[in-house]
Structure formats: structure tokens, C-alpha cells
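# Chains, contacts and geometry: an overview
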Amino acid sequence: MMDILLINGPNLNLLGTREPEIYGNKTLSDIEKDLTKVSQEKSVNLECFQSNHEGEIVDKIHDSVNSIQGILINAGAFTHTSISIRDALIGSEIPFVELHISNIFSREEFRKESFLTDKAIGIISGFGILSYSLALEGIIGYLSTKD
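Quick look at the structure, then. Note that this is a predicted model, so its numbers are computed, not measured.

Attention shifts here to helix H2 (residues 28-41). Because an α-helix packs 3.6 residues into every turn, residues spaced three or four apart end up facing the same way. The terminal C-alpha atoms of H2, which comprises 14 residues, lie 20 Å apart, in line with the 20 Å expected from a rise of 1.5 Å per residue. Residues of H2 that are buried include every one of Leu28, Ile31, Glu32, Leu35 and Ser39, and no others. Taken down its axis, H2 places every buried residue within 95° of arc, on the same side. Facing away from the buried surface of H2 by more than 90 degrees, the exposed residues are Lys33, Lys37, Gln40 and Glu41. In the core, the buried residues of H2 are packed alongside strand E1 (2-8), strand E2 (44-50), strand E3 (70-74) and helix H5 (130-144).

Structure follows, in C-alpha cells:
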């Protein structure tokens, strides 16, 4: 069975109430429940993790090296600022998909820069919460070809 880790970064715990015109009305818990259901249907174990703290995300990536085959990451604002998360992802050698609810390329200039994109196997951006299931499909497809 494939093991996938979903990482959500800062402020994503506020989904459902934070700028619903951009991020929608579903909570992070709703998204995780929906994605877990989809992953179970595909015989995939999905572990969900959220933190507002950069070091906790780095530690989670490090702790996953021998147990996780793929990572889905919505790093939130850390996408645009965190070299340490980038280095943890590179150092772990775990394939990852970068995902975003909004289209980061159609927003403020600073959101157009990502420290993750060039090392990700793919990026999903701008499909609302559907970005999560699209990213899951992508990583499952990618990992399935690696067997």
C-alpha cells in the first residue's frame, strides 16, 4: 500500500473562514476528510499534517523519510519564503507535488515566486479545493510508474 503525506502550512487551519472569496467555505478538516475518503478508495494511506511553524514542517518531512512514498504540500506563505522547507524536501528525496487553492500566478507579485516549484514533480494551482484531489491523483499516478 502506498503512503502519502499531506502537509498544509501556515494559516490553512483558517480555511472556511479566511477570505472565502479566494479559498472557499470548506474547512481544512472537511478537505482532509474528503481526501482521505478518496485515498482509501485508491488503496492509499493518507496522513494529514498542518502547522503554522516552519520547523515543525521541516521535522515532519525528516521524520517521513523511511515511511512515506510521496508528499502533497500546500506550504502556504512558506512557499514564497522557506529555504529550509525546500532543503528538507530535497534532502528527503521524497517526490512531492506543490499545490495551491488559488492561482498564485494571478495574485500579488510576491506570490508568483516559489522556492518549491523547480524541485516538485508537478504543481497544481488555482482549482480551489479541487487542487487537493488533482494533486493526489498526480502523485499516485507518478508513484505508480516508479514500481
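On to the pattern of salt bridges, then. One pass over the full model with this rule turns up four salt bridges. Across the pair Lys42 and Glu137 runs a salt bridge, and its minimum N-O distance is 3.0 Å. With a gap of 95 residues between them, Lys42 in the loop between H2 and E2 and Glu137 in helix H5 connect regions that are remote in the sequence. By relative accessible area, which is 36% here, Lys42 ends up partly exposed. Judged by its relative accessible area of 40%, Glu137 falls in the partly exposed class. Ionic pairing is found between Lys60 and Glu47, a salt bridge with its closest N-O pair at 2.3 Å.

A few words on a nonpolar patch on the surface. A grouping of Phe127, Leu130 and Leu134 is seen on the molecular surface, where their side chains present a nonpolar patch of about 270 Å² in accessible area. Mapped onto the secondary structure, Phe127 falls in the loop between strand E5 (122-125) and H5.

Moving on, we come to the packing of helix H3 (residues 54-63) against helix H4 (residues 83-92). Between H3 and H4, the shortest axis-to-axis distance is 9 Å and the interhelical angle comes to 0°. By the criterion of interaxial angle, the relationship of H3 to H4 is roughly parallel. Residues Glu54, Ile57, Val58, Ile61 and His62 of H3 touch H4, and the partners they reach there are Ser84, Ile85, Ala88, Leu89 and Ser92. The class makeup of the residues in the contact of H3 with H4 is six nonpolar, three polar and one charged.

Basis of the calculations
Residues numbered from 1 in each chain as written. Predicted model: local features only at pLDDT ≥ 70, side-chain atom pairs only at ≥ 80, totals over all residues. Heavy atoms only, no water. Helix = DSSP H or I, 4+ residues; strand = E, 2+ residues; numbered from the N terminus. Expected span 1.5 Å × (residues − 1). Buried < 20%, exposed > 50% of the residue type's maximum accessible area, 1.4 Å probe, protein only. Arc of directions from axis to C-beta. Contact = heavy atoms within 4.5 Å. Salt bridge = Lys/Arg side-chain N within 4 Å of Asp/Glu carboxyl O. Patch = residues over 30% accessible without salt bridge, like charges linked within 9 Å, V, L, I, M, F, W, Y side chains within 5 Å. Areas by Shrake-Rupley, 256 points an atom, 1.4 Å probe, with all protein chains shown as cover. Axes fitted to C-alpha atoms, helices over the stretch in contact; angles between N-to-C directions. Parallel < 35°, antiparallel > 145°, perpendicular 65-115°, else oblique. Nonpolar A, V, L, I, M, F, W, Y, C, P; charged D, E, K, R; others polar.

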